[in-house]
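Residues per chain, in single letters:
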Amino acid sequence: MLEALKPRIISIIDQEASVESRLQDICKLLKADIPYYDWVGFYFRNGEREELKLGPYAGAPTDHTIIPFGKGICGQVAVSGKNFVVPDVRAQDNYIACSITVKAEIVVPLFVNGENIGQIDIDSNTPDPFTGADELFLEFVNQKVAEIL
Ligand code: SME
């Protein structure tokens, strides 16, 4: 399933639309086609500030449009530059809840020229759904996105 989405990611990246609209299309595609992806969004570093700002996303609107570095799963990935897979969000003490239905989360950093400039964030309403295949797939998505930033 994830492998089959790669050509569709590439075709979105190759469109002659704005970056914003292509990122939006990627979020919509992932949410629609992967049953356990219930919220899909990009966060990017907010200029020179030590905080993340929400970019394009698909799913329920969130209050967490700004996340300070170090706060929540997203803020920790902004600092570590490492994938963060959370099988059970209730087991995390540094976690920002967006919705009570969310059971699990994965955040994969996005690098441009080796610099951690943002991330893709997925929330799942299914407990413990993410595997190494999701990490590899989301790394692929972020590498493709980095080409147009
Ligand atoms: N749960 C995230 C906050 C972002 S929402 O999932 C959209 C976190 O702990 O950083």
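In this report, the structure presented in the accompanying data block is examined.

Scoring rules and cut-offs
Residues numbered from 1 in each chain as written. Predicted model: local features only at pLDDT ≥ 70, side-chain atom pairs only at ≥ 80, totals over all residues. Heavy atoms only, no water. Helix = DSSP H or I, 4+ residues; strand = E, 2+ residues; numbered from the N terminus. Contact = heavy atoms within 4.5 Å. Near = heavy atom within 4 Å. Polar contact = N/O pair within 3.5 Å; in protein donor to acceptor, adjacent residues only side chain to side chain. Areas by Shrake-Rupley, 256 points an atom, 1.4 Å probe, with all protein chains shown as cover. Nonpolar A, V, L, I, M, F, W, Y, C, P; charged D, E, K, R; others polar. Buried < 20%, exposed > 50% of the residue type's maximum accessible area, 1.4 Å probe, protein only. Salt bridge = Lys/Arg side-chain N within 4 Å of Asp/Glu carboxyl O.

### Brief notes about the environment of Ile148
Consideration 1: In this structure, Ile148 sits in the segment after helix H4 (132-146).
Consideration 2: When the C-alpha positions of Ile148 and Val112 are compared, they lie 9.8 Å apart, and in sequence the two are 36 residues distant.
Consideration 3: Those residues in contact with Ile148 that lie beyond four places of it in its chain are Ile13, Val19 and Arg22.

### What about the site of the ligand?
Consideration 1: Every residue close to the ligand is listed here: Trp39, Tyr43, Ile67, Gly72, Ile73, Cys74, Tyr95, Ile96, Cys98, Glu105, Asp121 and Asp123.
Consideration 2: Between Asp123 and the ligand, the recorded distance is 2.9 Å, taken from a side-chain N or O atom to an oxygen atom.
Consideration 3: Considering the ligand on its own, with 300 Å² of exposed area, one finds that the protein chains cover 100% of that surface.
Consideration 4: When residues of the shell around the ligand are traced back to their parent elements, those giving at least two are strand E1 (39-45), helix H3 (72-80) and strand E6 (115-124).
Consideration 5: Counting residues per element, the shell around the ligand draws most heavily on H3, at three residues.
Consideration 6: A breakdown of the residues in the shell around the ligand according to their chemical character gives eight nonpolar, one polar and three charged.

### With respect to the side chain of Thr62
Consideration 1: Structurally, Thr62 can be placed in the loop between strand E2 (51-58) and strand E3 (66-68).
Consideration 2: By relative accessible area, Thr62 is classed as buried at 10%.
Consideration 3: Of note is the side chain of Thr62, whose polar atom sits 2.9 Å from the backbone nitrogen of His64.
Consideration 4: Those residues in contact with Thr62 that lie beyond four places of it in its chain are Trp39, Tyr43, Leu54 and Cys98.

### Quick notes on the pattern of salt bridges
Consideration 1: Summed over the entire model, instances satisfying the criterion amount to five salt bridges.
Consideration 2: The partner of Glu3 in a salt bridge is Lys6, with the nearest N and O atoms 3.2 Å apart. One end of the pair, Glu3, and the other, Lys6, are both in helix H1 (residues 2-13), three residues apart, so they sit about a helical turn from each other.
Consideration 3: Salt-bridge contacts for Lys144 lead to Glu147; the nearest nitrogen and oxygen are separated by 3.3 Å.
Consideration 4: Of the residues examined, Glu147 reaches a relative accessible area of 56% and is grouped as exposed.

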